Amino acid sequence: MLDIITKLRTEKPLIHHITNFVTINDQANITLGIGASPIMANNIKEAAEIAKISKALVLNIGTLNDIDSMISAGISANEKGIPIILDPVGAGVSPYRNECLEKIISNLKLAVIRGNISEIKFIAGMSKGATGVDASNEDLKNINEAADIAKNLSEKLGSTIVITGEIDIVSNGEKTAKIKNGHPRMANITGTGCMATSVIASFCSIEKDYFEASLTAMLCMGICGELAAETSVGNGSFKVKFQDAISNINYELLQKRSSYEL
Amino acid sequence: MLDIITKLRTEKPLIHHITNFVTINDQANITLGIGASPIMANNIKEAAEIAKISKALVLNIGTLNDIDSMISAGISANEKGIPIILDPVGAGVSPYRNECLEKIISNLKLAVIRGNISEIKFIAGMSKGATGVDASNEDLKNINEAADIAKNLSEKLGSTIVITGEIDIVSNGEKTAKIKNGHPRMANITGTGCMATSVIASFCSIEKDYFEASLTAMLCMGICGELAAETSVGNGSFKVKFQDAISNINYELLQKRSSYEL
Amino acid sequence: MLDIITKLRTEKPLIHHITNFVTINDQANITLGIGASPIMANNIKEAAEIAKISKALVLNIGTLNDIDSMISAGISANEKGIPIILDPVGAGVSPYRNECLEKIISNLKLAVIRGNISEIKFIAGMSKGATGVDASNEDLKNINEAADIAKNLSEKLGSTIVITGEIDIVSNGEKTAKIKNGHPRMANITGTGCMATSVIASFCSIEKDYFEASLTAMLCMGICGELAAETSVGNGSFKVKFQDAISNINYELLQKRSSYEL
């Protein structure tokens, strides 16, 4: 499974993003860093066209721009069998945001949904949703409950569900993994979640088992978070060293440092 | 006063930004770094909603997008008593920009306005305004004149006025502070002014004395500029080390290094 | 020729950008770093106005936003004799993108066009265009062919043509330069091409010989790429050190390290 990283770096697949204006640069850079080729084409007049020539599609509702482009690109991706990865940023935070999210979920077949516990609980109908774009502490009671939520939501929607947090969870309904890699500093910079989604999309573009693709992606993220934390002295250098680590991660590092249980 | 930093890091208040597309990532990161939680929600269909659940609202006209969202969020913030911090980027640079600025100032009660000397002079009706987004040297004759402008404009508008430059000025009409902390390299990267506004908003969200909140914010900015300059070798590393310093600033550092006079 | 850098740092000309949302921050920072002053004003209600007071105009179609603002600002720049530098990101990748590109090229007189080999070949009518925003390996057969393409396209359009790649090419039809400076890692981060365009625009704003301005710009880019590669350990630090190098490049360094042939 972990050798997908080698395949990814060889194939350099095109990853289409329709995303927010805050972390769009970080997402493009992490996509390049992990070994794929990003294209951030949000204009509705070409979104469907670009989706067709891409190998995966990221839909991120962070700044709620271009929802119509997302649906248009998404339909095009579904027709071609190209995996769509949804990042439901701030799910629950406003009625309009929820309406957009509902539109995406009801119109598109999603390969993977990645969010924090607050966002995923909202989609699962279990909470009023996020109180911002960061996870609320109240929403995480214990890791087994979170794993159950991911499992049940995966069965319901037919999508692989990834919940990122202190322990990351990946579930396809049948299998559920808990990932121990990672570092608290990852929450100190903006865009870590968005970048995780880009990395998941990169792996899903070349590995049809989205559980394995998502698990490998989250292992990369967690290990790089640990590596960055070892040598950084604040938020600025953490972000730089994290991008350094992503561009250097390889099969050997993944084998040596991966820590998860099924 | 300087202990607001400790309170901020404990409370992690939500800071709503409607801002430009150039420095939006830097502003989100500095807001996290100083201890608050950013949300960059510019869509008019949720802007008022998000303003209501936030603790401060930043309005930055840098790329002149979303002026209607700004008014909508601003009215909502005013109703709830949530402080609005205005960043009048490039005030005076074009008729349409001035029109937008006028719309904001005449429709909203602003807690703080932070700009460079060219921008503040334009708002005070004392110059034709900025010739770009950077301050014009011609606009700063001497620091006492700048202090008077801030004081008079504060009395006129009922807002705390912050003028950033070699010496930063903070005035609420009654009290005027001149801040000596800072470093020339802060002008060499884009977004230093925008980031200052985010830090001011973060402090204003938990301290109702906006003079003290703004003064503390500018001391943080200035000290972190000095710390970053000590160890950086160019614009790239300066920006990284500045974000590092912001995430590490604390009460002790503020007490030790603050340099200002009332 | 190489002493334009000294003039640039003294004059600090205003460089107007209408550009994509991915690399807009990097472009603002590199413009400051090389010694000019960026203004990123994309709103159609002020674009023409801002173009008039600027010394060069960058049009970058990366995210295909604001095409009407580009035409409006471009007409204004042409009337005033202000050089326009076009970055045809992803030329050929979708019909709508090609339509926008055609609109720009047929309506405006362009001082310089800078793209990768896939983009320039598309404009020259020699290929179906890019398959993403990165160059396709198939499009570069050999460097002499690329030089011929640049020369011929320059004669046809009356614009200086810059093709960036392992060897960079600059041609004004009469003279064609091949630049050996540079480093493969420059392709590993997003925005290197966009930044090159900003640096070209900065030099064209103060040097009417656009061939010399573009050549000097590309020498700066290449040398800074080499300097950054020497001390960086991954994509994150490469980007930081590249911005460091740009802010430190000067006449002496240019003289010492420039490597090109006419």
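Residues numbered from 1 in each chain as written. Chains lettered and ligands numbered in written order. Predicted model: local features only at pLDDT ≥ 70, side-chain atom pairs only at ≥ 80, totals over all residues. Heavy atoms only, no water.

**Topic: the relation of the copies chain B and chain C**
Working step 1: Rotating chain B by 120° about the axis while translating it 0.0 Å along that axis superimposes it on chain C, leaving an RMSD of 0.0 Å. Classification of the inter-copy transformation places it as that of a three-fold axis. In terms of proximity to the rotation axis, the leading residue of chain B is phenylalanine 21 of chain B, whose C-alpha is 3.8 Å off the axis. (Least-squares fit on C-alpha atoms with pLDDT ≥ 70 in both.)

**Thoughts on the interface of chain B and chain C**
Working step 1: Contact with chain B, which involves 26 residues of that partner, is made by 25 residues of chain C.
Working step 2: Summed over both partners, the interface of chain B with chain C buries about 2,000 Å², with 56% contributed by carbon and sulfur atoms.
Working step 3: When the area that chain B buries against chain C is broken down by residue, the three leading residues are Phe21, Val22 and Tyr96 of chain B, summing to 24%.
Working step 4: The interface formed by chain B and chain C holds 1 salt bridge in total.
Working step 5: One salt bridge connects glutamate 46 of chain C with arginine 97 of chain B, and the closest N-O pair in it is separated by 2.6 Å.
Working step 6: Taken together, the links from chain B to chain C amount to 13 residue pairs in polar contact (both at pLDDT 80 or more).
Working step 7: Counting residues per element, the ones that place at least two in the side of chain B that touches chain C are α5 (95-107) and α10 (235-248) of chain B.
Working step 8: Top element by residues in the side of chain B that touches chain C is α10 of chain B. It accounts for 5 residues. (Contact = heavy atoms within 4.5 Å. Buried area = accessible area lost by both parts, 1.4 Å probe. Salt bridge = Lys/Arg side-chain N within 4 Å of Asp/Glu carboxyl O. Polar contact = N/O pair within 3.5 Å; in protein donor to acceptor, adjacent residues only side chain to side chain. Helix = DSSP H or I, 4+ residues; strand = E, 2+ residues; numbered from the N terminus.)

**Digging into the interface of chain A and chain C**
Working step 1: Between chain A and chain C, the contact holds 25 residues from the first and 26 residues from the second.
Working step 2: Both faces considered, chain A and chain C share a buried interface measuring about 2,000 Å² in area, 56% of it formed by carbon and sulfur atoms.
Working step 3: The interface formed by chain A and chain C holds 1 salt bridge in total.
Working step 4: At the level of elements, α2 (24-34), β2 (37-39), α3 (44-53) and α10 (235-248) of chain A are the ones that each hand at least two residues to the side of chain A that touches chain C.
Working step 5: The greatest single-element share of the side of chain A that touches chain C, amounting to 6 residues, is contributed by α2 of chain A.
Working step 6: Class assignment for the residues of the side of chain A that touches chain C results in 12 nonpolar, 9 polar and 4 charged. (Nonpolar A, V, L, I, M, F, W, Y, C, P; charged D, E, K, R; others polar.)

**A few points about the sheet that holds strand β3 (residues 56-60) of chain B**
All names here are of chain B.
Working step 1: What the 9 strands build is an open sheet, ordered β2-β1-β3-β4-β5-β6-β7-β8-β9; its pairing is mixed. Strand pairing shows two members of the sheet lacking a second neighbour, β2 (37-39) and β9 (260-261), which therefore form its edges.
Working step 2: Across 2 bridges, strand β4 (residues 84-87) lies against strand β5 (residues 112-116) in parallel orientation. Its bridge partner being in β5, leucine 86 is matched across the sheet by isoleucine 113. (Pairing = 2+ DSSP bridges.)

**Structural notes on the packing of helix α9 (residues 210-231) of chain A against α10 of chain A**
Residue and element names in this part refer to chain A.
Working step 1: Interhelical geometry of α9 versus α10 gives an angle of 130° and a closest axis separation of 8 Å. One element, α9, and the other, α10, form an angle in the oblique class. Here α9 and α10 pass one another in a crossing that is right-handed. For the pair α9 and α10, the contacting residues are Cys220, Met221, Cys224, Gly225, Leu227, Ala228, Ala229 and Thr231 in the first and Phe238, Lys241, Phe242, Ala245 and Ile246 in the second.
Working step 2: The residue inventory of the contact of α9 with α10, partitioned by class, reads 10 nonpolar, 2 polar and 1 charged. (Axes fitted to C-alpha atoms, helices over the stretch in contact; angles between N-to-C directions. Parallel < 35°, antiparallel > 145°, perpendicular 65-115°, else oblique. Left-handed = near helix turned anticlockwise from the far one by under 90°.)

**Here we look at the confidence of the model for chain A**
Working step 1: The predicted model of chain A has a mean per-residue pLDDT of 96, with 100% of residues at 70 or higher.
Working step 2: Among the scores for the predicted complex, ipTM is 0.96 and pTM is 0.97. (pLDDT = per-residue confidence, 0-100.)

**Some words on the relation of the copies chain A and chain C**
Working step 1: At an RMSD of 0.0 Å, chain A and chain C line up after a rotation of 120° and a shift of 0.0 Å along the axis.
Working step 2: Comparing interface residues between copies, only 8% of those in chain A also sit at the interface in chain C, which points to a heterologous contact through distinct surfaces.

**A closer look at the environment of phenylalanine 21 of chain C**
Working step 1: One can find phenylalanine 21 of chain C in the loop between β1 (14-18) and α2 (24-34).
Working step 2: According to the relative accessible area criterion, phenylalanine 21 of chain C is buried, its value standing at 9%.
Working step 3: When the C-alpha atoms of phenylalanine 21 of chain C and glutamate 145 of chain C are compared, they prove to be 33 Å apart, with 124 residues separating the residues in sequence.
Working step 4: When neighbours within four sequence positions are excluded, phenylalanine 21 of chain C is seen to be in contact with Phe21 and Ile24 of chain A, Phe21 of chain B together with Thr63, Asn65 and Asp66 of chain C. (Buried < 20%, exposed > 50% of the residue type's maximum accessible area, 1.4 Å probe, protein only.)

**Focus: the packing of aromatic side chains**
Working step 1: In total, this model carries 6 aromatic pairs over all chains according to the counting rule given.
Working step 2: When the centroid spacing of 6.2 Å and the interplanar angle of 20° are considered together, the rings of phenylalanine 238 of chain C and phenylalanine 242 of chain C count as stacked. Of this pair, phenylalanine 238 of chain C and phenylalanine 242 of chain C both sit in helix α10 (residues 235-248), 4 residues apart, which is roughly one turn of the helix.
Working step 3: Its relative accessible area of 1% is what places phenylalanine 238 of chain C among the buried residues.
Working step 4: Residue classification places phenylalanine 242 of chain C among the buried residues on the basis of a relative accessible area of 2%.
Working step 5: Among the aromatic residues, those joined into a cluster by ring pairs are Phe21 of chain A, Phe21 of chain B together with Phe21 of chain C. (Phe/Tyr/Trp six-rings, centres within 6.5 Å; stacked < 30°, edge-to-face > 60°.)

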